[in-house]
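# Coordinates in review
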Amino acid sequence: MTASISRLVVSVSALDPALAFYAGLLGLRRTAAADELAWLATADGVEIMLHERPATPSDTAVALGFAVADLDGVVGAWTARGGAVVDPPEARPWGERMAVVRDPDGHLVCLSQAAA
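So, a few notes on the structure that sits alongside this text. Just so it is clear, the model here is predicted, and its values are computed rather than measured.

## So, a negative patch on the surface
Together, Asp16, Asp35, Glu36 and Glu52 make up a region of like negative charge exposed at the surface. Looking at the element boundaries, glutamate 36 is found in the loop between β2 (29–34) and β3 (37–41).

Spelled out as structure tokens, the structure:
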């Protein structure tokens, strides 16, 4: 039997900035909210739960990866909002364009787009 991902939980210090990034910028659909929690869904149905609690980002921990239709547009919008870009968009040897940004709490997020 192979396991499947049912939910990814991201610790965030404040829900509003995290929602502005994950729902507002990346377009994840908000499905529910309660107190210090917000549930979002990706286009393919994976659940992302934002949990407001102390967040300790790490460059060597898990990084979320999202496929986006307009990599340059998303990275440009994130930069315009004051977001940090770790690696700008560029072609990768495995056949996609990818950028790495930091979410509002400093967690690494990989953004990718299929190569043209």
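Alright, that's what it looks like, and here's the rest.
## With respect to the sheet that holds strand β5 (residues 64–67)
Spatially, β5-β8-β7-β6 is the arrangement adopted by the four strands of the open sheet, whose pairing is mixed. Lying at the two open borders of the sheet, with one neighbouring strand each, are β5 and β6 (85–91). Sheet twist, expressed as the mean angle between neighbouring strand axes with direction ignored, is 20 degrees. One ladder, built from four bridges, connects β5 with strand β8 (residues 108–114); its direction is parallel. What sits directly across from glycine 65, in β8, is cysteine 110.

## Focus: the nonpolar core
Within the largest apolar cluster, 25 residues are counted, with the highest numbers of intra-cluster contacts made by Phe21, Tyr22, Leu26, Leu50, Phe66 and Leu111. Only β1 (7–12), α1 (15–25), β3, β4 (47–52), β5, α2 (71–80), β7 (96–102) and β8 provide two or more residues apiece to this core. In terms of residue count, the dominant contributor to this core is α1 (six residues). Non-local contacts of phenylalanine 21, meaning those with residues more than four positions away in its chain, are made with Leu26, Trp78, Val101, Asp103, Pro104 and Val109.

Cut-offs and rules
Per-chain numbering applies: the sequence of each chain, read as written, is numbered from 1 onward. A pLDDT threshold of at least 70 governs which residues receive local features in this predicted model, and a stricter bar of 80 or more applies before side-chain atom pairs are shown or counted, although totals over entire chains, interfaces and linings include all residues. Water and hydrogen atoms were dropped before computing side-chain values, which therefore reflect all heavy atoms in the structure. Here a patch means residues that are over 30% exposed by relative accessible area and free of salt bridges, tied together within 9 Å if like-charged and within 5 Å if nonpolar (Val, Leu, Ile, Met, Phe, Trp, Tyr). Each accessible area is a Shrake-Rupley estimate made with a 1.4 Å probe; only the visible protein chains count as cover when residues are assessed. When a carboxyl oxygen of Asp or Glu lies within 4 Å of a side-chain nitrogen of Lys or Arg, that pair is called a salt bridge. Note that His is not counted, nor are the chain ends; the positive residues are Lys and Arg, and the negative ones are Asp and Glu. In this description, the location of a charge corresponds to atom NZ of lysine, CZ of arginine, CG of aspartate or CD of glutamate. The helix and strand labels rest on DSSP assignments: H or I over at least four residues marks a helix, E over at least two residues marks a strand, and numbering proceeds from the N terminus. In this scheme, strands are said to pair when DSSP sees at least two bridges between them. An axis is simply a line fitted to the C-alpha atoms; with a helix, the fit covers only the stretch in contact. Between two such axes, the angle follows the N-to-C directions and lies from 0 to 180 degrees. Nonpolar cores were defined as sets of buried Ala, Val, Leu, Ile, Met, Phe, Trp, Tyr and Cys residues, with membership established by side-chain atoms within 4.5 Å. Whether a residue is buried, partly exposed or exposed follows from its accessible area with a 1.4 Å probe, protein chains only, as a fraction of its type maximum: under 20%, in between, or over 50%, in that order. Contacts are assigned to residue pairs that have any heavy atoms within 4.5 Å of one another.

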